[in-house]
Protein chains: 2
Amino acid sequence: MTERQGGCCAAKGFSASGVYAGVRKNPEKKDLALIYAECDCSVAALYTTNRVKAAPIYVTMRNLERGTTRAIIANSGNANACAPGGEENAQKICDTLAKELGIKPDEIIINSTGVIGVPLPVDAVTGAIPQLTRGLSRYGSDDAANAIMTTDTFAKQVAVETKIAGKTVRIGGIAKGSGMIHPNMATMLAFITTDIAITSEMLKTALTESNRITYNRISVDGDTSTNDMVAILASGLAKNTQIEWKDTDYRVFLEALNYVNGKLAKMIARDGEGATKLVSCLVKGASSEEAAEKLAMSVISSSLVKAAMFGADANWGREICAMGYSKAPFKPELTDISFVSGGESIAVCKDGAGLSFNEADAKRILEREEIQILVDVHDGVFEAEAFGCDLTYEYVRINGDYRT
Amino acid sequence: MTERQGGCCAAKGFSASGVYAGVRKNPEKKDLALIYAECDCSVAALYTTNRVKAAPIYVTMRNLERGTTRAIIANSGNANACAPGGEENAQKICDTLAKELGIKPDEIIINSTGVIGVPLPVDAVTGAIPQLTRGLSRYGSDDAANAIMTTDTFAKQVAVETKIAGKTVRIGGIAKGSGMIHPNMATMLAFITTDIAITSEMLKTALTESNRITYNRISVDGDTSTNDMVAILASGLAKNTQIEWKDTDYRVFLEALNYVNGKLAKMIARDGEGATKLVSCLVKGASSEEAAEKLAMSVISSSLVKAAMFGADANWGREICAMGYSKAPFKPELTDISFVSGGESIAVCKDGAGLSFNEADAKRILEREEIQILVDVHDGVFEAEAFGCDLTYEYVRINGDYRT
């Protein structure tokens, strides 16, 4: 498996584009993205678990019942959630796009991201669709990745190439994150494309397996959005024998999918609103994977841990405290904690009690941009790693005045 | 029922004191508090639900098995959690205090609050005990309330007087909060005293009932500390007929206890680390009290809601979004939301969709120091109110560098 260029257009059969449609006020920021498949694709998607779901989520859910898809359209700047006429507006966009592309309206995945409760300026979106479709290109992943950004500070895309039974196959994708990132899928937008031949059923199975250990293991601020979605399209143009069950080919595909989703998930965590660093927590020696996951997620979700990471403060009591209220089983008196970064490691807690350590060494490690909190609970053989970021002044500034 | 002065010394039989023992670096901040009862007291306590519990919690749990108590001692500046010799140190303090007061070591409630993982300077504490006991006074509530403060910006105390079957009775208390405030008891330190005659069993029942709707309905940052405790002592010196079951007297007592705990809980929320305002969420029309509570807690716990309150941004989408991921049942399409403050109210969402409203009016309301987010889910007759605070730059500053 090797990384390659091309993002969501790396796989055969896909093109993309992104334009400024006028949903956002600032015309220098693209706000409408399109991914187009030249043939019918197998499709799978996972949606936010929030009881309040945005209108386009419902439209997409209905559209996906038919099982194949040709396009993904998404705007930023407005969530089309809790606003009058939401589903009608989403449907109108699908209708306009379908006409322009010569496909059916129910062959489209649609989503929105941005402010909740404000009516979507649907005419701006439909009015930009001709320009959007004209712009479709094999080199359009950058534009699409930029167009779905909200408070993201960099565009998120990745692609890999691998071999399945002798055939070269590609998987790539784009994502947006930033605020409102928290597990239970419910994390952000990620649109993945591949040219592997695979049934929609197996695609759903793989996406669910992969999501559990990638997007569901990141947290920025504990909030779960109304619009979040991970969708994957498979064009089949790599001409491998279609994957229909959990065979070796499936496992190769899953590994590549985990790589793509894992990389996008980490980019999202690293680019959490206001974040200055990527903070991960690897819990080893847990009595179950579920316990390891709960412990790791509790640590990286704690506001106190996140603020300490911002301040490069080796206050490990906050980690063990966060583990304590996670409700996962572990024995504090067997727990070891270290901070790891840049090939260095400093042990701060052994058997649940503090070690004396060199504060300057700890500070040097914690001032780096990628920090791992390494925990061993000596209670079994399972492990899990979760990814988050620090809590900063900038997070407060961004979210204190998001709408204005 | 009327409020009165005296805090934890308002009830007959109690005196208190607070001194600087040397646990903290700054000698201008008292760090050791004592509440003393001149007779055997009925006693009840609730403890943190964190799996990682500080050493003094275990010592107190054992001591309370005997059923009566004479004193409460607590230091700030060090949590005596996850540090070697924790229980021995807590026991040593109990032994020294018992000798000084002429009581038994197991008649003492002990706790600590502050940094985790650093050995408690036990000699500083025991060395200060003679001065601490000499300072006991009916006017000592201020000193005790000050001595348990950590990052609190004001001392928290309250007392009320009421009548039970013709006898005047008093309930008062002190508390500390600030960081790490989140439900499941697990909220902070609160030490309550009363001169009502009541069995320890009924005291426990009342404390549990009251805690559910007071301390368990506040959140500052979602973290649950290792040391949190609410304890109540009842001296019986008001000479009412002892409360032994849930009769009218019990209900009068419970009402007064709810008042005291509710007031202390709101002070804790208002004084959340870095907070500039008290933010409450009242959910009405829920299908159960549990649903109302979950919805309200989810709203006031959301970092996005809290940052928006700091910025006086009427971004009601964040409230309905937080309700959506609370896992409590409600129908978004029936939900109304208003912001209320200073006798003014502004409706921003009706039937789950945004209303057009005057931004200047909303800003004026949201810039006040006490804001209520009023939600009606039109799904039943139950309601609950939860209390929190805004998320500010100051929270990040305090917690980015707590130890240094």
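Residues numbered from 1 in each chain as written. Chains lettered and ligands numbered in written order. Predicted model: local features only at pLDDT ≥ 70, side-chain atom pairs only at ≥ 80, totals over all residues.

## What about the overall build of chain A?
Inclusion rule: The helix count covers DSSP runs of H or I at least four residues long, the strand count covers runs of E at least two residues long, and both are numbered beginning at the N terminus. With C-alpha atoms as the basis for the radius of gyration, the globule rule is written as 2.2 Å multiplied by the number of residues raised to the power 0.38. Neighbour counting defines burial: a residue surrounded by 20 or more other C-beta atoms within 10 Å of its own C-beta is buried, one with 12 or fewer is exposed, and intermediate counts give partly exposed, using backbone-placed C-beta atoms. The contact criterion used is a C-beta to C-beta distance within 7 Å, with each C-beta placed from the backbone.
Across its full length, chain A holds eleven helices and 15 strands. Against the 2.2 N^0.38 benchmark of 22 Å for 404 residues, chain A shows a C-alpha radius of gyration of 22 Å, consistent with a compact globule. Taken over the C-alpha atoms alone, chain A extends approximately 70 × 55 × 35 Å along its principal axes. A buried classification covers 64% of the 404 residues belonging to chain A. Pairs at least 24 apart in sequence give 81% of the contacts found in chain A among residues at least 6 apart.

## Description of the nonpolar core
General note: in soluble globular proteins, nonpolar side chains tend to be found buried as a group. Worth spelling out the cut-off: Only buried residues count toward a nonpolar core: Ala, Val, Leu, Ile, Met, Phe, Trp, Tyr and Cys, linked into one set through C-beta atoms within 7 Å.
Ranked by size, the top nonpolar core spans 288 residues in total, and within it Leu295(A) and Leu295(B) carry the most contacts. Leave out the neighbours within four places in its chain, and Leu295(B) touches Val283(B), Ala286(B), Met323(B), Ser326(B), Ala328(B), Phe330(B) and Val375(B).

## Quick notes on unusual backbone geometry
Negative phi is the rule for most residues except glycine; trans is the rule for most peptide bonds. Residue and element names in this part refer to chain A. Phi angles above zero are rare outside glycine, and cysteine 82 is one such case at about 55 degrees. Mapping cysteine 82 onto the fold places it in the loop between strand 4 (68-76) and helix 2 (86-101). With a phi angle near 70 degrees, lysine 327 is a residue other than glycine that sits in the positive phi range. For lysine 327, a count of 14 C-beta atoms within 10 Å gives the class partly exposed.

## Side note on the pairing of strand 2 (residues 14-19) of chain B
Residues and elements named next belong to chain B. For clarity, the threshold we go by: Paired strands are those between which DSSP finds at least two bridges.
When you tally the buried positions in strand 2, you get six out of six residues, the bulk of the element. Because side chains alternate across strand 2, one face comprises the buried residues Phe14, Ala16 and Gly18, and the other comprises Ser15, Ser17 and Val19, equally buried. Note: strand 2 against strand 3 (residues 32-47), six bridges, orientation antiparallel. If you follow phenylalanine 14 over to strand 3, its bridge partner there is alanine 37.

## Quick notes on the environment of Thr214(A)
Residue and element names in this part refer to chain A. Considering the arrangement of structural elements, one finds threonine 214 in the loop between helix 5 (200-213) and strand 9 (229-234). By the C-beta count within 10 Å, which is 24 here, threonine 214 ends up buried. A sequence separation of 99 residues divides threonine 214 from aspartate 313, and the C-alpha atoms of the two residues are 27 Å apart. Apart from residues no more than four positions distant in its own chain, threonine 214 is found in contact with Asn258, Asn261, Gly262 and Ala265.

## Looking at the sheet that holds strand 11 (residues 336-341) of chain B
All names here are of chain B. One open sheet holds the six strands; their spatial order is 13-12-11-14-10-15, and the pairing between them is mixed. Here the strands that pair on one side only, and so sit at the sheet edges, are strand 13 (353-354) and strand 15 (382-389). As paired strands, strand 10 (residues 278-286) and strand 15 are joined by seven bridges and run antiparallel to one another. From the neighbouring strand, cysteine 281 faces strand 15, where its bridge partner is alanine 386.

## Examining the sheet that holds strand 13 (residues 353-354) of chain A
Residues and elements named next belong to chain A. For clarity, the threshold we go by: Fitted lines through C-alpha atoms serve as axes, helices being fitted only where they are in contact, and the angles separating the N-to-C directions of these axes extend from 0 to 180 degrees.
The mixed open sheet is built from six strands, whose spatial order is 13-12-11-14-10-15. For this open sheet the edge positions go to strand 13 and strand 15 (382-389), each flanked by a neighbour on one side alone. Sitting on the sheet, helix 6 (residues 248-270) is in contact with strand 10 (278-286) and strand 15, with an inclination near 45 degrees to strand 15. Helix 10 (residues 359-366) rests against strand 11 (336-341), strand 12 (344-350) and strand 14 (370-376) of the sheet, and its axis sits at about 120 degrees to strand 12.

## Topic: the confidence of the model for chain A
Residues and elements named next belong to chain A. Heads up, the rule is: The pLDDT value tells you how sure the predictor is about a given residue, anywhere from 0 up to 100.
Scored by pLDDT, chain A comes out at a mean of 91, with 95% of its residues at no less than 70. Counting contacts from residues 180-187, a segment whose pLDDT is below 50, to residues more than four positions away or on other chains yields 43 contacts. Quick note on the complex model: pTM equals 0.79, ipTM equals 0.71.

## Digging into the pairing of strand 8 (residues 189-194) of chain A
Residue and element names in this part refer to chain A. Across the six residues of strand 8, six count as buried, placing the element largely inside the fold. Residues of strand 8 alternate between two faces, with Leu189, Phe191 and Thr193 on one and Ala190, Ile192 and Thr194 on the opposite face, all of them buried. In the sheet, strand 7 (residues 167-176) pairs with strand 8 via six bridges, with the strands oriented antiparallel. Along strand 8, the bridge assignment pairs glycine 172 with threonine 193. Inspection of the sheet shows strand 8 paired to strand 9 by six bridges, in the parallel sense. Following the sheet pairing, leucine 189 is matched in strand 9 by methionine 229.

## A look at helix 7 (residues 289-301) of chain A
Residue and element names in this part refer to chain A. Condition: A helix is expected to reach a length of 1.5 Å times the quantity of its residues less one.
The end-to-end C-alpha separation of helix 7 is 18 Å, in line with the 18 Å expected for 13 residues at 1.5 Å each. Burial runs high along helix 7: eleven of the 13 residues are buried. Among the residues of helix 7, those classed as buried are Ala291, Ala292, Glu293, Lys294, Leu295, Ala296, Met297, Ser298, Val299, Ile300 and Ser301. As for helix 7, its buried residues are in contact with strand 10, helix 8 (303-310), helix 9 (317-324), strand 14 and strand 15.

## Details of the domain arrangement of chain A
All names here are of chain A. The criterion, for reference: The split of the chain into domains comes from an automatic or database domain assignment.
Entries for chain A in the domain assignment read domain 1 (2-270) and domain 2 (278-400). Computed from C-alpha atoms alone, the centre-to-centre distance between domain 1 and domain 2 is 32 Å. Between domain 1 and domain 2, the residue contacts involve twelve residues of the former and 13 residues of the latter.

## Quick word on the environment of Val115(A)
Position of Val115(A) among the secondary structure elements: in the loop between strand 5 (108-113) and helix 3 (122-134). Considering only alpha carbons, one finds Val115(A) and Ile35(A), 80 residues apart in sequence, at a separation of 23 Å.

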